[in-house]
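# Coordinate analysis (summary)
Residue strings, one per chain:
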Amino acid sequence: MPKVIRIKKGLDIKLKGKPERIIIQAEPSEFYAVKPPDFPGLSPLPKLSVIIGSEVKTGSPLFYDKNKPDILFTSPVSGKVVAVNRGERRRILEVVIESDNKNEAVTFQKGDPKTMNREEIVNNLLKSGVWPFIRQRPFHIIADPNDDPRAIFISGFDSAPLAPDLDFLLNGEEASFQTGIDVLSQLTAGKIHIGVNAVFPTAKVFSKTDGVELHKFRGPHPTGNVGVQINHIDPVKKGEKVWTVNAQDVIVIGKLFEKGVFNPTRLVALTGSEVKNPRYYRTKLGASVKPLLKDNVKEGNNRYISGNVLTGSKISKEGYIGFYDSQVTVIPEGDSYEFLGWALPGLKKFSGSRTFFSFLLPNKKYTLHTNLQGGRRAFVLTGQYEKVLPMDIYPLQLLKAILVEDIDLMENLGIYEVAEEDFALCEYVCTSKTEVQSILRNGFELMLKELG
Amino acid sequence: MNQEADNQNIMKSLRKFVDKIKPHFSKGGKLAKLHSTFEAFESFLFVPNRVTTKGAHIRDALDMKRAMSVVVAAAVPALLFGMWNTGYQYNLSIGMEATIWENFVIGFLKVLPIIVVSYVVGLGIEFAVAQIRGHEVNEGFLVSGFLIPLVVPVDVPLWMVAVATAFSVIIGKEVFGGTGMNILNPALTARAFLFFAYPAWMSGDTVWIHGLKSGEGIIDGFSGATPLANAAAGLFENLPSTWEMVLGTIPGSVGETSVIAILIGAVILVATGIGSWKIMFSMTAGGLVMGLLFNAFAVNSFMEIPAWHHLIMGGFAFGAVFMATDPVTAAQTEHGKWIYGFLAGFLAVLIRVINPAYPEGVMLAILLMNVFAPLIDHYVVEANIRKRVRRAKN
């Protein structure tokens with residue numbers, strides 16, 4: 001076995017509400033949605049292929065970006081388009097489909113990817129709406145089908161707070177995973193790397209798969225982030241591209257070629273301190289979380305998140321599971337005042353620093369809320385970001401380069417190697433409450449605009 | 001239980017009161033101009049109810065107020081000892097026996113006005129500037145305002161403290177854009193201003209002990225000279241014992257004399273992770289190395305004193321723990337911190353021994369390194385950039 005890559009920097013935020021390893025078949029949702037904001041880099045005003053009232057099947061195109069018309073975004077369910085929800089400046093937030101419970105699906109090409117050529121494979125992925133599962137570094141956006149990536153990276157574990165256990169999610173899907181890998185290996189001349197957790201024995205789905213190179217990692221979050229793994233295996237260089245795919249999504253890719261349909265079924269972990277019974281649910285991508293939350297959430301003003309507490313997106317309690325998410329988190333909102341909160345000993349507060357006495361209780365699990373916990377300030381403390389970013393990157397200097405819009409400096413400081421999720425902990429620990437992830441995305445957008 | 005309920009009620013009615021007067025300070029209210037001031041007091045009493053809107057949904061409990069109060073807490077032992085020592089030195093100078101408490105009270109009454117002046121002047125300016133800029137008041141001065149009284153001689157006239165504080169806040173900090181943007185450490189800027197603007201007051205042997213300047217009732221032969229002044233003058237027979245220098249029962253600036261009290265602060269800063277142990281450690285190392293070099297090539301008796309004596313004399317310990325570690329003015333990269341700290345210590349001892357006009361080199365060394373910190377960071381970051389460029393070429 002390969003040697004273990006030990007990562008020391010990072011932070012495990014210990015929250016209450018870890019999912020029990022029980023799979024519940026979720027009641028089918030009435031409504032589903034595909035959300036353009038799930039795809040950074042996509043035009044905020046994608047071209048719609050449907051109008052309200054259109055009948056769609058699973059795999060029918062819903063919209064596309066007019067600059068990249070080949071990449072289709074398709075419906076995860078059969079039914080009728082009932083709403084196109086827009087935000088400020090008419091940007092499209094959600095395309096909502098009411099399910100007809102018939103599960104009719106558009107059929108795509110079926111077959112052994114090893115016998116198909118690259119063009120056929122790419123076409124099949126594009127048409128079915130499966131292509132967007134493949135993303136690229138730099139900039140963590142949907143991959144360009146015309147590129148030839150240096151390698152493809154897959155993280156075999158999720159280290160984020162309360163994250164689902166990928167070994168558990170993928171259990172029993174070994175065959176589809178292998179097919180998915182076969183598909184991906186037709187897309188790159190390079191290797192396919194999988195980073196696995198060295199703490200546990202490597203799951204069958206990874207150890208028994210052919211055509212991949214395994215790398216063992218051990219360490220706190222964000223060790224499970226694919227960006228961190230790339231940085232330790234073979235960092236992204238200027239001018240080259242690597243692709244990344246979530247391990248769960250490799251199965252969707254595999255099933256497309258096994259069955260000839262877009263299979264949006266997925267296991268989702270319902271987590272967080274405000275969930276009565278945190279467990280795994282079998283549901284579909286884009287499904288409304290309403291049936292999952294029914295009678296299963298504690299009273300009170302809650303924050304519903306598709307994804308984890310660090311990088312997830314805020315949804316309503318009837319909102320939809322994001323395209324890339326396998327986790328829904330419910331935590332309390334923190335919209336109350338706290339008397340002299342900054343001065344209390346703080347046994348119930350969690351901090352990456354040791355300024356609260358809670359650091360004496362390393363195994364305690366916390367109920368954390370959404371309060372910003374202080375006012376926004378200029379950068380003052382230093383060395384905080386570096387402690388939670390296990391990459392060969394100077395985070396503060398990179399952020400400052402983005403703030404002053406210095407393209408060359410951003411490039412020199414490694415903007416090609418990072419994604420928002422890698423910096424999410426920097427945002428969490430920031431004493432000055434800086435919006436690190438959005439600064440980073442602004443940097444990406446600026447670079448994309450400059451590079452054309 | 002009852003008391004807890006009472007506390008809850010007091011808190012609730014206080015919140016009610018704040019909510020009641022809040023509209024006056026909001027946009028359109030009649031006191032809207034004082035919004036920043038109101039916000040500062042409100043957020044002091046209550047952590048605001050603001051929730052995360054984008055990015056990470058949860059945030060670390062540590063905020064600037066907590067971070068700054070940790071530094072202030074770390075400096076408290078030095079202050080308390082300094083107050084006692086002020087009284088102790090005074091009674092020593094007039095040949096009186098006094099209890100610990102009597103000494104402390106004398107010092108307390110002497111030092112408290114300096115703290116009040118420093119805070120009132122500094123925070124007054126900070127509030128005014130925040131008001132003009134429409135910003136929230138930054139907590140940075142809570143630390144600077146606490147450190148200024150610790151680095152001045154006890155008999156400094158209060159108006160000088162006021163002028164120096166105003167200078168350091170306006171010229172040292174606000175013109176650069178406020179806390180987080182300044183190049184020089186504000187507390188040291190105030191100290192340097194005093195030294196260069198009022199050299200007659202700020203040097204010599206009589207300013208360090210309360211009452212010595214006016215000279216009334218001083219016992220014969222009492223000298224208020226600091227160990228450094230004695231060493232610089234070659235009066236080695238007048239040097240206090242090592243134990244006295246470590247304990248701090250010697251003349252000097254209010255908070256700088258006791259190495260023990262400062263070390264308690266260092267433990268707090270390092271344990272909480274707020275102060276950089278790298279800077280403290282490397283500055284100590286830098287001082288020792290320079291001291292040893294002097295020992296090796298000694299041509300006068302000041303160069304001959306044991307290298308580690310430099311660490312317990314003058315403001316070295318205080319500078320290393322509280323001044324050099326200021327995150328805004330120190331090097332910001334982790335590698336840079338090693339270099340920055342080492343050079344600060346190295347230069348401090350160099351200036352101290354070589355420059356006869358001003359034996360306290362720590363202040364100047366740290367200010368000089370503040371200026372060079374961005375350059376050090378530049379080269380550290382440049383190394384990372386070069387590595388990346390090399391990788392891209394292969």
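## Thoughts on the overall build of chain A
When its secondary structure is counted, chain A shows 12 helices and 21 strands. Rg of the C-alpha trace for chain A: 21 Å, near the compact-globule value of 22 Å for 452 residues, within the 12% margin. The C-alpha extent of chain A, read off along each of the three principal axes, is 60 × 50 × 50 Å. Counting across all 452 residues of chain A, residues that qualify as buried make up 62%. Of the roughly 18100 Å² that chain A leaves accessible, carbon and sulfur atoms contribute 49%. Computing the positive centroid from 59 side-chain charges and the negative centroid from 53, chain A places the two 5 Å apart.

## Concerning the pairing of strand S18 (residues 302-306) of chain A
All names here are of chain A. When you tally the buried positions in S18, you get five out of five residues, the bulk of the element. Of the two faces of S18, the one holding Asn302, Tyr304 and Ser306 and the one holding Arg303 and Ile305 are both buried throughout. As paired elements, S18 and strand S20 (residues 327-332) share five bridges and run antiparallel to each other. Across the sheet, the residue bridging to Asn302 is Pro332, located in S20. Here S18 runs beside strand S19 (residues 313-315); their pairing, made up of three bridges, is antiparallel. For Tyr304, the partnering residue across the bridge sits in S19 and is Ile315. Here S18 folds back onto S19, and the loop between the two strands holds six residues, one of which, Gly307, carries a positive phi near 115 degrees.

## Focus on the pairing of strand S9 (residues 92-99) of chain A
Residues and elements named next belong to chain A. The pairing of strand S3 (residues 31-34) with S9 spans four bridges and is classified as antiparallel. Within the sheet, the bridge partner assigned to Tyr32 lies in S9 and is Ile97. Direction of pairing for strand S8 (residues 79-86) relative to S9: antiparallel, over a ladder of seven bridges. If you follow Gly79 over to S9, its bridge partner there is Ser99.

## Comments concerning the interface of chain A and chain B
Taken together, the contacts link 78 residues of chain A with 64 residues of chain B. Summed over both sides, the interface of chain A with chain B buries roughly 5900 Å², with 56% coming from carbon and sulfur. Summed over the three residues of chain A that lose the most area to chain B, namely Tyr337, Trp342 and Arg377 of chain A, the buried surface amounts to 16% of that side. For the interface between chain A and chain B, the tally reads six salt bridges. Of the charged contacts in the structure, one is a salt bridge between Arg377 of chain A and Glu139 of chain B, with a shortest N-O distance of 2.8 Å. In this structure, the connection of chain A to chain B is made through 29 residue pairs in polar contact (both at pLDDT 80 or more).

## Quick notes on the packing of helix H7 (residues 186-197) of chain B against helix H17 (residues 361-393) of chain B
All names here are of chain B. Two elements in contact, H7 and H17, have axes separated by 10 Å at closest approach and are oriented at 125 degrees. Classified by the interaxial angle, the pair formed by H7 and H17 is oblique. The hand of the H7/H17 crossing is left-handed. Across the interface between the two elements, Leu188, Thr189, Arg191, Ala192, Phe195 and Phe196 from H7 touch Met363, Leu364, Ile366 and Leu367 from H17.

## Section: the packing of helix H3 (residues 64-93) of chain B against helix H4 (residues 100-133) of chain B
Residues and elements named next belong to chain B. Between H3 and H4, the shortest axis-to-axis distance is 7 Å and the interhelical angle comes to 115 degrees. As far as their axial angle goes, H4 and H3 are roughly perpendicular. Where H3 crosses over H4, the two elements pack in a sense that is right-handed. Across the interface between the two elements, Leu79, Leu80, Met83, Trp84, Thr86, Gly87, Tyr88, Tyr90 and Asn91 of H3 pack against Ile100, Asn103, Phe104, Ile106, Gly107, Phe108, Lys110, Val111 and Ile115 of H4. Of the residues contributing to the contact of H3 with H4, the split by class is 12 nonpolar, five polar and one charged.

## Examining unusual backbone geometry
Residues and elements named next belong to chain A. The peptide bond linking Arg137 to Pro138 adopts the cis configuration, its omega dihedral lying at 5 degrees. Position of Pro138 among the secondary structure elements: in the loop between strand S10 (135-137) and strand S11 (141-142). With an omega of 10 degrees, the peptide bond between His221 and Pro222 qualifies as cis. Look at Arg90: it is not a glycine, yet its phi comes out positive at around 60 degrees. Relative to the elements of secondary structure, Arg90 occurs in the loop between S8 and S9.

## Examining the packing of aromatic side chains
Residue and element names in this part refer to chain A. A complete count under the given rule lists 27 aromatic pairs over all chains for this structure. Measuring from centroid to centroid gives 4.4 Å for Phe133 and Phe323, while their planes differ by 15 degrees, and the two rings are stacked. Pair noted here: Phe133 is in the loop between helix H1 (118-128) and S10 and Phe323 is in the loop between S19 and S20, with a separation of 190 residues, a long-range link. Across the pair, exposure class does not vary: Phe133 and Phe323 are buried alike. Their ring planes at 80 degrees and their centres at 5.6 Å tell us that Phe177 and Phe206 sit as a pair that is edge-to-face. Of the two residues, Phe177 is situated in helix H3 (residues 174-185) and Phe206 in helix H4 (residues 204-207); the sequence distance between them amounts to 29 residues. Like Phe177, the residue Phe206 is buried in the burial classification.

## Some thoughts on the pattern of salt bridges
Counting across every chain of the model gives 27 salt bridges over all chains. Two residues, Arg137 of chain A and Asp422 of chain A, come together in a salt bridge whose shortest N-O distance is 3.1 Å. Pair noted here: Arg137 of chain A is in strand S10 and Asp422 of chain A is in helix H11 (residues 420-429), with a separation of 285 residues, a long-range link. Among the charged side chains, a salt-bridge network with shared partners connects Arg376, Glu427 and Glu435 of chain A together with Arg59 of chain B.

Criteria and cut-off values
- Residues numbered from 1 in each chain as written.
- Chains lettered and ligands numbered in written order.
- Predicted model: local features only at pLDDT ≥ 70, side-chain atom pairs only at ≥ 80, totals over all residues.
- Heavy atoms only, no water.
- Helix = DSSP H or I, 4+ residues; strand = E, 2+ residues; numbered from the N terminus.
- Rg over C-alpha atoms; globule rule 2.2 N^0.38 Å.
- Buried < 20%, exposed > 50% of the residue type's maximum accessible area, 1.4 Å probe, protein only.
- Areas by Shrake-Rupley, 256 points an atom, 1.4 Å probe, with all protein chains shown as cover.
- Lys, Arg positive; Asp, Glu negative; His and termini not counted.
- Charge placed at Lys NZ, Arg CZ, Asp CG, Glu CD.
- Pairing = 2+ DSSP bridges.
- Contact = heavy atoms within 4.5 Å.
- Buried area = accessible area lost by both parts, 1.4 Å probe.
- Salt bridge = Lys/Arg side-chain N within 4 Å of Asp/Glu carboxyl O.
- Polar contact = N/O pair within 3.5 Å; in protein donor to acceptor, adjacent residues only side chain to side chain.
- Axes fitted to C-alpha atoms, helices over the stretch in contact; angles between N-to-C directions.
- Parallel < 35°, antiparallel > 145°, perpendicular 65-115°, else oblique.
- Left-handed = near helix turned anticlockwise from the far one by under 90°.
- Nonpolar A, V, L, I, M, F, W, Y, C, P; charged D, E, K, R; others polar.
- Phe/Tyr/Trp six-rings, centres within 6.5 Å; stacked < 30°, edge-to-face > 60°.

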